[in-house]
Amino acid sequence: MLLGSDSLGRDVAAGIVHGAKVSLMIGVASTLVALLVGVLVGAVAGYAGGRVSGVLMAITELFQSIPAFVLAILFVAILTPSVTTITLAIALVSWPQVARLTRGEFLSLKEREYVYAARCQGESAAALVLRHILPNALSPIVVAGSLAIATAILIESALSFLGLGDPNLMSWGYMVGSARTMIRQAWWMSFFPGIAILVTVLAINLVGEGLNDVLNPRVSRQ
C-alpha cells in the first residue's frame, strides 16, 4: 500500500481519495447555500436601506456574535450528524460575512450614475438590482465564495475530528480523528489526511487570491 493502512487494514491512500469527494462536496455545497442566503439578505438590506436594512443587519450581527464553530457544533449535535446537517451548519455560520460584504457593495453601487440613469428610464427595482447593481458586485462576492470553500473544508474536518461527521462516509477529518489515539504507533494514519487538508486549503486560498488580483486589479496594486 502506497501510504500504509489503518487499524482495520484499509488503504490510507484510497481513504484520502474517497475523503476528497466528501470534503470538497460539503465545502462547495455549503458555500453555495451561504452565498445564496448572504447575497439575498445583503442585496435587500443594501438596496432597501432604512428599517429593513437595520432589521436584517441586526439578525446578521446576532449570528456573528456567536462563535462560528460553537454554533456549528450545536447545530450538528442537536440534529443527526449527516452530510445535509453538516452542510447546513457550515452555511449557517458562513452567510453573515457574505451578507455584510454584499450590503456594502450595494450601498456603494446604488449611488452610481448609471443606476440613477436606469431609474430615470423607469426600470423597476428588480431590474435595477439584477441588471445593473448585482453584476457589478459579483467580483468581491466570487472571491469571498472561493475563500469560504477553504473555511468550510476546515470546519467539516474539525467536526468530523470531534466525531460529529457522517458515520457512514469517509472524510479527511474522520481519518485524522480516528487515528489520534494511535499517532505514536501509526503516525501515517493521521499525517497524510492532515497533509491533504493543508494542501487543499492552501491551494483554494491561492486560487482566491488569484481571483482577487484578476477581478480587482486596482485593489491588488495598492
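These numbers come from a predicted model, not from an experiment. (Residues numbered from 1 in each chain as written. Predicted model: local features only at pLDDT ≥ 70, side-chain atom pairs only at ≥ 80, totals over all residues. Heavy atoms only, no water.)

> What is the right way to look at empty space enclosed by the protein in this model?
If a probe as big as a water molecule is rolled over the atoms, it shows which places are left empty. Following the criterion strictly, the structure yields 1 cavity of 30 Å³ or more and no others. If you add up the space inside the largest cavity, you get close to 40 Å³. Sorting the residues of the lining of the largest cavity by element identifies α1 (12-48), α4 (83-109) and α6 (125-161) as the ones contributing at least two each. By residue class, the composition of the lining of the largest cavity is 5 nonpolar, 3 polar and 2 charged. (1 Å grid on protein atoms, 1.4 Å probe; cavity = no way out; pocket = protein on both sides within 12 Å on 5 of 7 lines; lining within 4 Å. Points joined across faces, edges and corners; volume = space filled by probe spheres on them. Helix = DSSP H or I, 4+ residues; strand = E, 2+ residues; numbered from the N terminus. Nonpolar A, V, L, I, M, F, W, Y, C, P; charged D, E, K, R; others polar.)

> What's the story with helix α2 (residues 50-65) in this structure? I'm lost.
Side chains three or four residues apart in an α-helix point the same way, a direct result of the helix having 3.6 residues per turn. Counted at 1.5 Å a residue, the expected span for α2 with its 16 residues is 22 Å, and the 22 Å between its end C-alpha atoms agrees. For α2, the complete set of buried residues consists of Ser-53, Leu-56, Met-57 and Thr-60. The buried residues of α2 occupy one face: seen down the axis, they fall within an arc of 100°. What points out from α2, more than 90 degrees from its buried face, is the exposed set Arg-51, Val-55, Leu-62 and Ser-65. Where the residues of α2 are buried, they touch α1 and α4. (Expected span 1.5 Å × (residues − 1). Buried < 20%, exposed > 50% of the residue type's maximum accessible area, 1.4 Å probe, protein only. Arc of directions from axis to C-beta. Contact = heavy atoms within 4.5 Å.)

> Hey, could you run me through the packing of α1 against α6 in this one?
The description of two helices packed together rests on the angle between their axes and the distance between the axes. Here α1 crosses α6 at 145°, and the two axes come no closer than 8 Å. The two elements α1 and α6 cross, and the hand of that crossing is right-handed. The residues of α6 that touch α1, namely those facing Ser-23, Leu-24, Ile-26, Gly-27, Val-28, Ser-30, Thr-31, Leu-35, Val-39 and Tyr-47, are Ala-125, Leu-128, Val-129, Ile-133, Leu-134, Ile-141, Gly-145, Ala-148, Ile-149, Ala-152, Ile-153 and Glu-156. For the contact of α1 with α6, a count of residues per class yields 16 nonpolar, 5 polar and 1 charged. (Axes fitted to C-alpha atoms, helices over the stretch in contact; angles between N-to-C directions. Left-handed = near helix turned anticlockwise from the far one by under 90°.)

> What am I meant to see in a nonpolar patch on the surface here?
A cluster of nonpolar side chains, namely Ile-183, Trp-187, Phe-191, Ile-195, Leu-198 and Val-199, defines an oily patch on the protein surface of about 570 Å² accessible area. Tracing the backbone shows Leu-198 in helix α8 (residues 188-215). With a relative accessible area of 53%, Leu-198 lands in the exposed category. (Patch = residues over 30% accessible without salt bridge, like charges linked within 9 Å, V, L, I, M, F, W, Y side chains within 5 Å. Areas by Shrake-Rupley, 256 points an atom, 1.4 Å probe, with all protein chains shown as cover. Salt bridge = Lys/Arg side-chain N within 4 Å of Asp/Glu carboxyl O.)

> Sorry, what's going on with the confidence of the model for the protein here?
When pLDDT drops low, the exact placement of atoms in the prediction is not to be read closely. A residue-level look at the protein finds 93% of positions with pLDDT of 70 or above and a mean pLDDT of 84. When mean pLDDT is compared element by element in the protein, α4 scores highest at 90, while helix α9 (residues 217-221) scores lowest at 51. (pLDDT = per-residue confidence, 0-100.)

> For this particular structure, what's the right way to read the packing of helix α5 (residues 113-120) against α6?
The geometry of α5 relative to α6 is characterised by a closest axis approach of 11 Å and an angle of 175° between their N-to-C directions. The orientation of α5 with respect to α6, classified from their angle, is roughly antiparallel. In contact with Tyr-114, Val-115, Ala-118 and Arg-119 of α5, α6 contributes Leu-128, His-132, Ile-133 and Asn-136. Of the residues that constitute the contact of α5 with α6, the class distribution is 5 nonpolar, 2 polar and 1 charged. (Parallel < 35°, antiparallel > 145°, perpendicular 65-115°, else oblique.)

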